[in-house]
Amino acid sequence: MCDTTRAIELRTFDPPVPALGTVESAVVVSFAMTLGALPPLEPREESAARFTFDDDSLLVAARAPDTTSRAQRPRAIEYSDAYHTRLKIHQIGAYAMLPLFISEYFIGQKLLTSTNRSHSLRSAHSLIATGVGVVFASNTITGVWNAWDAREDPKDRARREIHGALMLVSDAGVVWTAMSGGNAKRTVANARRHRTIAISSIALSAVGTGMMWLWRK
């Protein structure tokens, strides 16, 4: 009884077989032939190489240390109050230099061309020459001192260096002028030589001072 019932149940759930000559039978035959032609499926292991990264991969690039150089911000240069005080003294000396140069030139020219070289005229020439020497010494001290304090400041460095070089050469010319002043009293040739050295020093100083006023960024 049980076997009969089980047979009936199996027969009930069997899939229907399409009749020959129908569309359904053609589809079933084609599907069966396709499955028979395919090779059997074989299990495959995933290779670990598929998940490895080359040296130039993004992972390596992300792990690599950052060796790119970053632009550094310029360091601010701070100047002391003494620097600004010396700069003010230096500027006052530069303004005072012009009338001293003009006065010394005209008095020296008068001493050179005049037949009557009075004592007062020679005294005035010596007094103004002393004033020129004092101003030059003051500007040299304040200028060199401030140039040393500003040695690490890249701003206007070329202008400062050219100005300093011209003024140092002019300082040497002023010293040379003072040394040749004693012989200028003896002969006219020595006096003219003294004047040439003085004018050359004045010209260098005027160029060095003028460039600081005109060459501004």
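Now for a description of the structure that goes with this document.

What follows concerns the overall build of the chain. For the chain, the helix and strand inventory stands at seven helices and zero strands. Ordered by position from the N terminus, the helices and strands of the chain form the series α-α-α-α-α-α-α. By the burial criterion, 22% of the 217 residues in the chain qualify as buried. Considering only contacts within the chain whose residues lie at least 6 apart along the sequence, 71% involve residues at least 24 apart. With the model as given, the accessible surface of the chain reaches about 17,400 Å², and the carbon-plus-sulfur share is 64%.

With that settled, the discussion passes to unusual backbone geometry. Phi at Asp-156 takes a positive value of approximately 55°, unusual for a residue other than glycine. Structurally, Asp-156 can be placed in the loop between helix 5 (119–149) and helix 6 (157–184). Assessed through its relative accessible area of 16%, Asp-156 is described here as buried.

Core analysis: the largest hydrophobic core is formed by ten residues, namely Met-97, Phe-101, Ile-107, Leu-111, Leu-121, Ile-128, Val-132, Val-135, Phe-136 and Val-174. Looking at this core, the elements with two or more residues in it are helix 4 (81–113) and helix 5. A total of five residues in this core trace back to one element, the largest contributor, which is helix 5.

Glancing now at the side chain of Thr-209. Structurally, the position occupied by Thr-209 is in helix 7 (residues 188–214). When its relative accessible area of 13% is taken as the criterion, Thr-209 is described as buried. The contacts of Thr-209, once residues within four sequence positions are left out, are Ala-94, His-163 and Met-167.

A few words on helix 4. Compared with an ideal rise of 1.5 Å per residue, which puts 33 residues at 48 Å, helix 4 spans 48 Å between its outermost C-alpha atoms and is within 8% of the ideal. Maximal helix bending in helix 4 amounts to about 25°, located at Met-97; proline Pro-99 follows within four positions. Taken together, the buried positions of helix 4 are Tyr-83, Arg-86, His-90, Gly-93, Ala-94, Met-97, Phe-101, Glu-104, Ile-107, Leu-111 and Leu-112. Buried positions along helix 4 lie against helix 5, helix 6 and helix 7.

Packing of helix 4 against helix 5 brings their axes to within 8 Å, and their N-to-C directions diverge by 155°. As judged from the angle between their axes, helix 4 and helix 5 are roughly antiparallel. The element helix 4 and its partner helix 5 pack so that their crossing is left-handed. Considering only residue class, the contact of helix 4 with helix 5 consists of 17 nonpolar, eleven polar and five charged.

Another point: the packing of aromatic side chains. Using the criterion set out here, one finds three aromatic pairs in the structure. With 5.3 Å between their ring centres and 15° between their planes, Tyr-95 and Trp-213 make a pair best called stacked. With Tyr-95 in helix 4 and Trp-213 in helix 7, the pair connects residues that are 118 residues apart, well separated along the chain. For Tyr-95, a relative accessible area of 54% gives the class exposed. Among the residues examined, Trp-213 registers a relative accessible area of 39% and is labelled partly exposed. For the pair Phe-101 and Phe-136, a centre-to-centre distance of 6.0 Å together with 50° between the ring planes defines the contact as tilted. Residue Phe-101 is found in helix 4, and its partner Phe-136 is found in helix 5; the two are separated by 35 residues along the sequence. In this pair, the class of Phe-101 matches that of Phe-136, namely buried. The ring of Trp-145 carries Arg-86 above its face, with NZ or CZ at 4.3 Å from the centroid. It is Arg-151 that lies over the ring of Trp-148; its NZ or CZ is 4.0 Å from the centre.

Look at helix 7: 38 Å from first C-alpha to last across 27 residues, which is about the 39 Å you get at 1.5 Å a residue. Every buried residue of helix 7 is accounted for by Ala-191, His-194, Ile-197, Ala-198, Ser-201, Ser-205, Gly-208, Thr-209, Gly-210, Met-211 and Met-212. Taken together, the buried residues of helix 7 touch helix 4, helix 5 and helix 6.

Calculation notes
Residues numbered from 1 in each chain as written. Predicted model: local features only at pLDDT ≥ 70, side-chain atom pairs only at ≥ 80, totals over all residues. Heavy atoms only, no water. Helix = DSSP H or I, 4+ residues; strand = E, 2+ residues; numbered from the N terminus. Buried < 20%, exposed > 50% of the residue type's maximum accessible area, 1.4 Å probe, protein only. Contact = heavy atoms within 4.5 Å. Areas by Shrake-Rupley, 256 points an atom, 1.4 Å probe, with all protein chains shown as cover. Core = buried A, V, L, I, M, F, W, Y, C linked by side-chain atoms within 4.5 Å. Expected span 1.5 Å × (residues − 1). Bend = angle between axes of the 7 residues up to and from the residue. Axes fitted to C-alpha atoms, helices over the stretch in contact; angles between N-to-C directions. Parallel < 35°, antiparallel > 145°, perpendicular 65-115°, else oblique. Left-handed = near helix turned anticlockwise from the far one by under 90°. Nonpolar A, V, L, I, M, F, W, Y, C, P; charged D, E, K, R; others polar. Phe/Tyr/Trp six-rings, centres within 6.5 Å; stacked < 30°, edge-to-face > 60°. Lys NZ or Arg CZ within 6 Å of the ring centre and 35° of its normal.

Keep in mind these numbers describe shape, not what the thing actually does.
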